[in-house]
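Chain by chain, the residues:
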Amino acid sequence: MAEPLSVKRKHEEKEEKNGAAGGFLLSEVSLRRVLRESARDKTIFLHGQVNSASGDGTDAVVILEKTPFQEENISELLKEYTKLQLQMSNDIYSTYHLYVPPELNEIKTTVVYPATEKHLQKYLRQEVYLIRETGEDYKNITLPFIQSQSFSIQWVYNILEKKAEADRIIYENPDPANGFVLIPDFKWNQKQLDDLYLIAICHCRGIKSLRDLTAEHLPLLKNILQEGKEAVVKRFGISGAQLRVYLHYQPSYYHLHVHFTALSYDAPGCSVERAHLLSDVIDHLELDSQYYQKRTLTFALRADEPLLKRFQEAGHL
Ligand code: DD3
């Protein structure tokens, strides 16, 4: 990771990025609707429309998120030029609005553009339902569904082939069968360790998910666990025992990847119905090579997901 950015550098960086991120200008986005928001997470998911020259707007998803405090900026917050406006006062208690310089008040912004209907759907708030998927269900329902979908994972190949984010790679084991790339996830701005989030993406193509894993993959999984942890410890000075290393089932993309998050961070997707600790996965495969082909796996699906419909049609739920 680069040294934590100074306030000054951040300012310069901002000016660079104001130009265009892949030809993207926020001033050309008009708000269509709010897809979802969370007061707790301080996030809002927007459906925007980008006004193209031809007149017909193209859809975009814009995700805004207030970021955690950075300790090294706190003394800056208390300087005389920050305005403290009294809201109310009662006995020894008082509350204020603190107006800080824009450089200390960044909003993390993620843009998906152009966005498809699927992207928009993904961020709409929905009811969720638990599915218990047997090994047979996987073969008969889930696998055919995955194969019928055309999820693009070009961004994954771009990372593996150094066509994108190459300068962000934290560690790489280049072995085609048992190697991987370790890189900060999109969700993490790398400015504080509180919400540390990295992903290890394996070089080998064709391992879709946990369901494909057998004892044959143990060397790969052990490399990811050992070398991935070592690399995070070395780069970020956090203890290996303070890392949560796990796979998602269902994953959000079907190319094997492993999540590394700070144990103290209640990361999205680390709940029991989705996360499988890599150390447990390794143990299971050592006990039984076919463990993940046989086992019933539980996961949640949103009401609007086509896979849920397939499970309903098969008499589940
Ligand atoms: C994604 C799951 C995927 C929207 C959004 C994110 N980490 C990524 C492209 C590059 C990345 C990720 C799909 C997509 Cl917000 C739709 O995530 C990514 N690069 N998670 C990194 N480093």
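Residues numbered from 1 in each chain as written. Predicted model: local features only at pLDDT ≥ 70, side-chain atom pairs only at ≥ 80, totals over all residues. Heavy atoms only, no water.

A.B. asks: So what's going on with the environment of D195? Which residues, and what values?
C.D. replies: Relative to the helices and strands, D195 is located in the loop between β9 (180-184) and β10 (197-202). Through-space distance from the C-alpha of D195 to that of T261 is 7.2 Å; in sequence the pair is 66 residues apart. If sequence neighbours within four positions are ignored, D195 has contacts with P68, W188 and Y265. A distance of 3.3 Å separates a polar atom in the side chain of D195 from a polar atom in the side chain of W188. Separated by 3.0 Å, the side chains of D195 and Q192 make a polar contact. (Helix = DSSP H or I, 4+ residues; strand = E, 2+ residues; numbered from the N terminus. Contact = heavy atoms within 4.5 Å. Polar contact = N/O pair within 3.5 Å; in protein donor to acceptor, adjacent residues only side chain to side chain.)

A.B. asks: Explain a nonpolar patch on the surface to me, and be specific about the residues and the numbers.
C.D. replies: On the surface, L84, L86, Y96 and L98 cluster together to form a nonpolar patch covering roughly 390 Å² of accessible area. Of all the secondary-structure elements, those providing two or more residues to the nonpolar patch are β4 (83-90) and β5 (93-99). Within the secondary structure layout, L84 lies in strand β4. (Patch = residues over 30% accessible without salt bridge, like charges linked within 9 Å, V, L, I, M, F, W, Y side chains within 5 Å. Areas by Shrake-Rupley, 256 points an atom, 1.4 Å probe, with all protein chains shown as cover. Salt bridge = Lys/Arg side-chain N within 4 Å of Asp/Glu carboxyl O.)

A.B. asks: Describe the layout of surface pockets, with residues and values.
C.D. replies: Considered as a void within the structure, the second largest pocket measures approximately 150 Å³ in volume. If you trace the second largest pocket, you find 13 residues lining it, with V272, A275, H276, L277 and D280 closest to the centre. Elements with a minimum of two residues in the lining of the second largest pocket: β11 (243-248), β13 (275-277) and α7 (278-287). Along the lines of polarity and charge, the residues of the lining of the second largest pocket split into seven nonpolar, three polar and three charged. (1 Å grid on protein atoms, 1.4 Å probe; cavity = no way out; pocket = protein on both sides within 12 Å on 5 of 7 lines; lining within 4 Å. Points joined across faces, edges and corners; volume = space filled by probe spheres on them. Nonpolar A, V, L, I, M, F, W, Y, C, P; charged D, E, K, R; others polar.)

A.B. asks: Could you give me a rundown of the packing of aromatic side chains, with the residues and numbers involved?
C.D. replies: For the structure shown, the criterion picks out eight aromatic pairs. On the basis of an interplanar angle of 75° and a centroid distance of 4.7 Å, the ring pair of W155 and Y253 is categorised as edge-to-face. Residue W155 is located in helix α5 (residues 154-160), and its partner Y253 is located in the loop between β11 and β12 (257-262); the two are separated by 98 residues in the primary sequence. Owing to a relative accessible area of 34%, W155 belongs among the partly exposed residues under this scheme. Ring centres 5.5 Å apart and planes at 80° place the aromatic pair Y249 and F299 in the edge-to-face group. (Phe/Tyr/Trp six-rings, centres within 6.5 Å; stacked < 30°, edge-to-face > 60°. Buried < 20%, exposed > 50% of the residue type's maximum accessible area, 1.4 Å probe, protein only.)

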